[in-house]
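# Residue-level structure breakdown
Residues per chain, in single letters:
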Amino acid sequence: MGDTGAAFVALPQIPPRNVAWFKKGKWVHMAKIAFEKYFIRKMKKGTSEPIYEKYILKMLGIGKLK
């Protein structure tokens, strides 16, 4: 998509969904680059789930599958 991007959020991922959200723009492209740099750094350090990430996802209502 060049210097723009598209973001789609669906919770839960399998229908019926409670949340379905789609946005596009340059900010999505920048957010993707930032996330990729964060993810690569996290994997190089060997931390699969930092404590702050766990609590932020919990605040957003996103949990792990059991």
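Here the structure is a predicted model, which is why all the values come from computation and not from measurement.

### Let's talk about the overall build of the protein
- Along the backbone of the protein there are two helices and two strands.
- Tracing the protein from N to C terminus, the helices and strands come up as β-β-α-α.
- The C-alpha atoms of the protein give a radius of gyration of 14 Å, which is well past the 11 Å a tight globule of 66 residues would have.
- Taken over the C-alpha atoms alone, the protein extends approximately 30 × 30 × 15 Å along its principal axes.
- Nonlocal contacts in the protein, meaning residues at least 24 apart in sequence, comprise 13% of its contacts between residues at least 6 apart.
- Accessible surface for the protein amounts to roughly 6100 Å². Of this, 66% is attributable to carbon and sulfur atoms.
- Looking at charge distribution, the protein has the averaged site of its 14 positive side-chain charges lying 4 Å from that of its 4 negative ones.

### Overview of the packing of aromatic side chains
- On inspection of all chains with the given rule, the structure shows three aromatic pairs.
- Their ring planes at 55° and their centres at 6.4 Å tell us that W21 and W27 sit as a pair that is tilted.
- An aromatic cluster is defined as three or more aromatic residues linked by ring pairs; in this entry it consists of F35, Y38 and F39.

### Focus on the environment of K26
- Within the secondary structure, K26 is located in helix 1 (residues 26–45).
- We classify K26 as partly exposed; its relative accessible area is 47%.
- In this structure the C-alpha to C-alpha distance between K26 and G5, which are 21 residues apart in sequence, comes to 6.2 Å.
- With residues up to four places along the chain from it excluded, the contact list for K26 reads D3 and T4.
- Of the polar contacts made by the side chain of K26, one reaches the side chain of D3; its length is 3.5 Å.

### Structural notes on helix 1
- With 20 residues, helix 1 should reach 28 Å at 1.5 Å per residue; the first-to-last C-alpha distance of 29 Å fits that figure.
- Residue G46 follows helix 1 closely and has a positive phi angle near 90°.

### Let's talk about the confidence of the model for the protein
- Chain-level statistics for the protein give a pLDDT mean of 86 and a share of 98% at 70 or above.
- Put simply, strand 1 (residues 5–11) is where the protein has its lowest mean pLDDT, 85, and helix 1 is where it has its highest, 92.

Conventions we followed
Residues numbered from 1 in each chain as written. Predicted model: local features only at pLDDT ≥ 70, side-chain atom pairs only at ≥ 80, totals over all residues. Heavy atoms only, no water. Helix = DSSP H or I, 4+ residues; strand = E, 2+ residues; numbered from the N terminus. Rg over C-alpha atoms; globule rule 2.2 N^0.38 Å. Contact = heavy atoms within 4.5 Å. Areas by Shrake-Rupley, 256 points an atom, 1.4 Å probe, with all protein chains shown as cover. Lys, Arg positive; Asp, Glu negative; His and termini not counted. Charge placed at Lys NZ, Arg CZ, Asp CG, Glu CD. Phe/Tyr/Trp six-rings, centres within 6.5 Å; stacked < 30°, edge-to-face > 60°. Buried < 20%, exposed > 50% of the residue type's maximum accessible area, 1.4 Å probe, protein only. Polar contact = N/O pair within 3.5 Å; in protein donor to acceptor, adjacent residues only side chain to side chain. Expected span 1.5 Å × (residues − 1). pLDDT = per-residue confidence, 0-100.

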